[in-house]
Amino acid sequence: MKGMASRSKWEIISSHIFTYFNFLNLVLAGLILLSGQYKNMLFMGIVITNAFIGIIQELKVKKIIDALAVVTATKARRYRGGEFCQCDIEELCPGDRILLMLGDQIPVDCEILSTDGMEVNESLLTGESLAVQKKNGDFVYSGSDVVAGSAVAKVVHIGEDNYATQLVKKAKTKRRATSEMQDAIGRIIKYVSYVLIPVGILLFFIQWKSAGNSFSDSVVNTVAGVIGMIPEGLVLLTSISFILGVGRLAKKNALVQEMEAIEALARVDVLCLDKTGTITTGELQVEKVVPLSERENVNAIMGTLSYAFEESNATTTALRKYFDKTEGKEIVEKVPFSSSRKQMQVKIQGEGVYCLGAPEYLSEDRKVLQDGEKYAAEGMRVLLLTHNKKEIAFIVLSDIIKSDAAETFSFFRKKEVDIKILSGDNPLTVSVVGRRAGLPEAARYVDARTLPEEEEKLREEIGKYTVFGRVSPEKKQAIVKALEAEGKVTGMVGDGVNDVLALKEADCGIAMAAGSDAAKQIAHIVLLDSDFASMKQIVGEGRTIISNIERVSALYLTKTIYSVLLCIIYIVLGMSYPFIPIQLSLIGGTAIGIPSFVLALEHHEETIPRGFLRNVLRVSLPAAICMVGSLVTITLLGGVFHFSELVLSTLHLLAGGIVSFGVLIAVCIPMSRIRFGLCVIVIAIFVGAILLFPDFFGMAPVMHLVLTLTR
């Protein structure tokens with residue numbers, strides 16, 4: 001079943017091919033063809049590669065979106081010809097009668113016609129972990145699970161009209177992961193595009209008419225100036241770095257469904273998560289038995305009650321692990337546990353009625369209830385066992401907290417990432433569980449139903465609390481939205497349909513593989529091992545990738561800035577562009593190309609300050625101004641001292657190399673052995689090239705340059 005629409009394959013392909021940026025590159029490539037200097041068309045390789053990567057990535061996202069389906073059940077038992085027969089859920093129509101049995105996932109929205117003690121787990125829809133008993137006339141919703149009993153129900157909604165599908169349709173347009181870096185690079189390209197055509201045209205006429213170059217050389221010089229404005233290599237390097245990161249994260253059991261999610265998660269400063277599956281395993285365990293009467297054999301009684309019913313849930317599973325089955329007792333009557341009654345009942349031949357359930361539903365003894373509340377205040381789940389209405393014992397259970405939860409919370413605390421727990425359970429219980437899991441801030445809790453609806457007031461409240469209990473899907477989304485309105489980069493970890501809206505709203509949504517299909521398919525990252533602890537490695541890997549890209553971005557943006565300034569200045573001066581393409585290739589290859597790929601593959605973890613563009617411009621802008629100042633000074637002095645074109649070209653190349661390697665050294669600080677070795681090698685390559693092949697790079701021989709400068 002298709003849960004949400006997406007662009008067609010042709011729309012995706014055309015959006016990556018028919019772009020303003022690609023059109024300009026094709027025009028420039030055509031001009032190079034006219035000039036006859038075909039080797040200068042190599043820049044088209046980068047253009048084609050970027051388009052290909054973009055198409056493949058979005059087609060992958062399209063496949064995920066098209067597969068989005070809340071309901072995983074594919075069959076239903078429909079009443080036909082006097083009996084219930086299996087059919088595909090697509091064949092169901094409103095008004096059909098279907099049979100729902102223990103273990104079924106409810107395929108469509110229904111109204112209960114008759115029930116045999118059926119209970120439904122609606123946690124994927126509501127976040128409430130306790131099963132709900134259904135009676136005649138009640139509604140049950142698609143995506144819920146039958147955990148006890150059976151029922152005959154009438155189909156009310158099908159397909160797109162189902163409640164769960166409607167919930168996901170609110171997330172119809174899948175929000176792409178936030179990428180400050182990608183957005184900044186996109187803005188740079190956008191602004192450069194505005195000036196590229198008029199500057200390019202003016203530069204060509206200046207090169208041809210005023211500077212006295214041939215038509216062919218004027219075209220090549222113009223293309224060199226224009227191409228230098230656009231950080232094509234940075235776009236390609238960013239894509240490759242993300243792809244490599246996706247591969248590394250896959251080996252760590254994390255499926256990245258959008259490359260940008262790596263950056264979003266690396267910059268997250270508030271991480272929202274549900275309790276179940278993150279802090280706890282979703283299972284229960286019996287902590288202790290507290291006898292209230294010495295005359296009863298509690299273990300023997302519980303050995304009967306725990307195995308009296310066929311259905312199994314987290315509570316009965318925990319009881320059966322703790323109590324051995326008791327043989328020889330005849331059960332003459334039994335009533336299964338229900339959320340409305342909060343108890344189960346078993347009548348044993350010759351002994352009477354035993355009940356197990358919530359203390360407040362089985363006792364009116366004030367002291368017993370106060371004692372039970374003490375355990376509840378510790379985050380425990382308390383069951384009271386009674387015999388013929390007399391209190392026998394407390395059975396105290398607890399959520400199983402993941403063994404590495406404390407270590408994981410400690411990691412995020414050191415990384416200055418705030419944790420917010422959004423749960424459908426009782427806020428006090430969640431608070432205690434959070435504290436037991438190593439999150440002392442969980443002492444600040446609130447019932448989300450008491451929070452204001454207005455976003456502005458909600459923003460004032462959310463900073464006061466760490467734990468939010470009784471949270472609806474819409475409220476989860478509102479909390480995430482309010483956090484983002486406060487300038488926070490938010491990550492949301494969830495596993496149920498009730499988390500879909502929040503996952504969609506978050507800057508980075510993370511789902512557990514063991515959760516619902518809807519959560520997995522709307523999320524940006526899926527934890528394949530459903531282990532919240534693996535978030536440590538994922539965040540670390542993301543920070544490595546992004547800090548590396550920020551470092552090398554300064555190299556590329558320096559070139560972009562000085563290329564724009566040089567084009568404008570040399571148009572005003574009416575003089576020949578200071579570089580020829582082959583010289584830019586030498587500078588770009590040694591001071592930018594080789595170092596950028598080495599630095600991008602470094603493995604380390606650094607804190608990433610907010611403000612990608614600000615961080616990069618801190619290095620690249622002064623360097624670009626220094627480059628422009630040096631080249632313009634050399635050009636003007638060359639006119640005063642009547643330097644030849646060959647000597648001017650040589651001085652321009654040397655100045656360009658010195659400034660570019662200065663930028664490289666700056667971004668390599670703090671200097672490691674690998675970075676120091678890299679700088680030495682590329683500088684050696686540059687020096688060797690200009691000493692061994694001066695003619696090839698448009699330079700004067702060294703002795704000729706020395707004589708010219710010393711005469």
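Since we're looking at a predicted model, the values are computed, not measured. Each chain carries its own residue numbering, running from 1 in the direction its sequence is written. With the structure being a predicted model, the display of local features is reserved for residues of pLDDT at least 70 and the display and counting of side-chain atom pairs for 80 or more, all residues being used for whole-chain, interface and lining totals. The side-chain numbers reported here are obtained from all heavy atoms of the structure, hydrogens and water having been left aside.

## Things to note about the pattern of salt bridges
Note that side chains of opposite charge can pair when their charged atoms are close.
1) Next: In what follows, salt bridge is the name for a side-chain nitrogen of Lys or Arg lying within 4 Å of a carboxyl oxygen of Asp or Glu. Evaluated as defined, the whole model comprises 18 salt bridges.
2) Next: As a salt-bridge pair, Glu-91 and Arg-78 come within 3.5 Å of each other at their nearest N and O atoms. With Glu-91 in the loop between strand E2 (83–88) and strand E3 (97–100) and Arg-78 in strand E1 (residues 75–80), this pair connects stretches of sequence that are 13 residues apart.
3) Next: With a relative accessible area of 38%, Glu-91 lands in the partly exposed category.
4) Next: Residues Glu-407 and Lys-536 are paired through a salt bridge, measuring 2.9 Å at the closest nitrogen-oxygen approach. We count a stretch as a helix when DSSP gives it H or I for four or more residues in a row; a strand needs E for two or more, and each element gets its number in order from the N terminus. Only protein chains enter the area calculation, which uses a 1.4 Å probe; residues under 20% of their type maximum are buried, those over 50% are exposed, and those in between are partly exposed.

## Topic: the nonpolar core
1) Next: Nonpolar core, defined: a set of buried Ala, Val, Leu, Ile, Met, Phe, Trp, Tyr and Cys residues in which side-chain atoms within 4.5 Å join the residues together. The biggest cluster of nonpolar side chains holds 119 residues, and the ones touching the most others in it are Leu-271 and Ile-525.
2) Next: By residue number, the principal contributor to this core is helix H20 (residues 535–573), which donates 18 residues.
3) Next: Working rule for contacts: check all heavy atoms of both residues, and any pair within 4.5 Å makes them a contact. Other than its neighbours up to four places away in sequence, Leu-271 contacts Phe-412, Val-417, Asp-418, Ile-419, Lys-420, Gly-491, Met-492, Val-493, Ile-510, Phe-532 and Met-535.
4) Next: If you look at the next biggest cluster of nonpolar residues, it comprises 24 residues, including Val-471, Ala-482, Ala-502 and Ala-511.

## Comments concerning empty space enclosed by the protein
1) Next: Definitions used throughout: a 1 Å grid over protein atoms alone; a cavity as a set of points that fits a 1.4 Å probe which cannot get out; a pocket as an open set with protein on both sides within 12 Å along at least five of seven lines; a lining residue as one with an atom within 4 Å of a point. Grid points are joined across faces, edges and corners, and a volume is the space filled by probe spheres set on the points. Following the criterion strictly, the structure yields one cavity of 30 Å³ or more and no others.
2) Next: Approximately 50 Å³ is the volume attributed to the largest cavity.
3) Next: Taken together, Leu-555, Thr-558, Lys-559, Tyr-562, Ile-592, Ser-660 and Val-663 make up the lining of the largest cavity.
4) Next: At four residues, the largest contribution of residues to the lining of the largest cavity is made by H20.
5) Next: The nonpolar class holds Ala, Val, Leu, Ile, Met, Phe, Trp, Tyr, Cys and Pro. Asp, Glu, Lys and Arg form the charged class, and all remaining residues, Gly among them, are polar. Of the residues assigned to the lining of the largest cavity, the class counts are four nonpolar, two polar and one charged.

## Some words on the packing of helix H14 (residues 405–414) against H20
1) Next: For the pair H14 and H20, the least separation of the axes is 10 Å and the interaxial angle reads 25°. Our classification of the angle between H14 and H20 gives roughly parallel. Seen from H14, the contacting residues are Glu-407, Thr-408, Phe-411 and Phe-412; seen from H20, they are Met-535, Lys-536 and Val-539.
2) Next: Its residues assigned to classes, the contact of H14 with H20 shows four nonpolar, one polar and two charged. What counts as an axis is a line fitted to C-alpha atoms, over the stretch in contact for a helix, and the angles between N-to-C directions run from 0 to 180 degrees. When describing relative orientation, an angle under 35 degrees is termed roughly parallel and one over 145 degrees roughly antiparallel, while 65 to 115 degrees is termed roughly perpendicular and anything else oblique.

## Looking at the packing of aromatic side chains
1) Next: Only Phe, Tyr and Trp rings take part, Trp by its six-membered ring, and two of them pair if their centres are within 6.5 Å. Stacked means planes under 30 degrees apart, edge-to-face means over 60, and tilted covers everything else. By the definition in use, this model includes 16 aromatic pairs.
2) Next: Ring geometry for Tyr-375 against Phe-394: centres 6.0 Å apart, planes inclined by 65°, an arrangement best described as edge-to-face. Of this pair, Tyr-375 sits in helix H13 (residues 366–377) while Phe-394 sits in strand E15 (residues 390–401), placing them 19 residues apart in sequence. Both residues of the pair, Tyr-375 and Phe-394, belong to the buried class.
3) Next: Lysine and arginine charges are scored as sitting over a ring when NZ or CZ, respectively, is within 6 Å of the ring centre and within 35 degrees of the ring normal. The ring of Tyr-79 has Arg-97 sitting right over it, with the charged end atom 4.2 Å from the ring centre.

## Section: the confidence of the model for the chain
1) Next: Summing up the model confidence of the chain, the mean pLDDT is 81 and the portion of residues at 70 or higher is 87%.
2) Next: Mean pLDDT values for the elements of the chain range from 65 in helix H4 (residues 123–126) up to 94 in strand E16 (residues 418–422).
3) Next: Considering only residues more than four positions removed or in separate chains, one finds that residues 67–73, a stretch of pLDDT under 50, has 28 contacts. Per-residue confidence from the predictor is reported as pLDDT, which spans 0 to 100.

## Section: unusual backbone geometry
1) Next: Residue Pro-670 follows Ile-669 across a cis peptide bond; omega there is 5°.
2) Next: Relative to the helices and strands, Pro-670 is located in the loop between helix H23 (645–667) and helix H24 (673–692).
3) Next: Unlike most non-glycine residues, Asn-388 shows phi in positive territory, near 50°.
4) Next: Looking at the element boundaries, Asn-388 is found in the loop between strand E14 (381–387) and E15.
5) Next: By relative accessible area, which is 46% here, Asn-388 ends up partly exposed.
6) Next: Even without being glycine, Lys-389 reaches a positive phi, approximately 70°.
7) Next: Looking at where Lys-389 falls in the secondary structure, it is placed in the loop between E14 and E15.

## Topic: the packing of H23 against H24
1) Next: Running from N to C, H23 and H24 point in directions that differ by 175°, and their axes come no closer than 11 Å. For the element pair H23 / H24, the angle class is roughly antiparallel. Here H23 contributes Leu-653, Leu-654, Gly-657, Phe-661, Leu-664 and Ile-665 to the contact with H24, which in turn contributes Cys-679, Val-682, Ile-683, Phe-686 and Ile-690.
2) Next: Of the residues contributing to the contact of H23 with H24, the split by class is 10 nonpolar, one polar and no charged.

## Focus on the sheet that holds strand E8 (residues 254–256)
1) Next: Spatial ordering of the open sheet is given by E8-E21-E20-E19-E9-E16-E18-E17, a layout of eight strands whose pairing is mixed. What marks the edges here is a single partner per strand, and that holds for E8 and strand E17 (445–447). The sheet shows a mean angle of 20° between the axes of neighbouring strands, taken without regard to direction.
2) Next: Packing of helix H15 (residues 427–436) onto the sheet brings it into contact with E16, E17 and strand E18 (467–469), and relative to E17 it is tilted by some 160°. At least two bridges found by DSSP between two strands are what make those strands a pair.

## Thoughts on the environment of Tyr-556
1) Next: Within the secondary structure layout, Tyr-556 lies in helix H20.
2) Next: Residue class for Tyr-556 comes out buried when judged on its relative accessible area of 10%.
3) Next: In sequence terms Tyr-556 and Ser-596 are 40 residues apart; their C-alpha atoms lie 8.8 Å from each other.

## Side note on the environment of Gly-698
1) Next: Among the structural elements, Gly-698 can be located in the loop between H24 and helix H25 (702–710).
2) Next: A residue is classified by how much of its surface remains accessible, and Gly-698, at 18% relative accessible area, is buried.
3) Next: For the pair Gly-698 and Glu-645, spaced 53 residues apart in sequence, the C-alpha separation works out to 9.6 Å.
4) Next: Excluding residues within four positions of it along the chain, Gly-698 makes contact with Ile-580, Gln-583, Leu-646, Ser-649 and Thr-650.

## What about helix H7 (residues 215–229)?
1) Next: Helix span, expected: 1.5 Å multiplied by one less than the number of residues in the helix. In this model H7 runs 22 Å from its N-terminal to its C-terminal C-alpha over 15 residues, within 8% of the 21 Å that 1.5 Å per residue would give.
2) Next: Of all the positions in H7, only Ser-218, Val-219, Val-220, Asn-221, Thr-222, Val-223, Ala-224, Gly-225, Val-226, Ile-227, Gly-228 and Met-229 are classed as buried.

## Comments concerning the side chain of Glu-484
1) Next: Looking at the secondary structure, you find Glu-484 in helix H17 (residues 473–485).
2) Next: What makes Glu-484 buried here is its relative accessible area of 17%.
3) Next: Only 2.8 Å separates the side chain of Glu-484 from the side chain of Thr-490, close enough to count as a polar contact. Polar contact is the term for a pair of N or O atoms within 3.5 Å; when the atoms are in protein, one must be able to donate a hydrogen and the other to accept it, and sequence-neighboring residues count only if both atoms are side-chain atoms.

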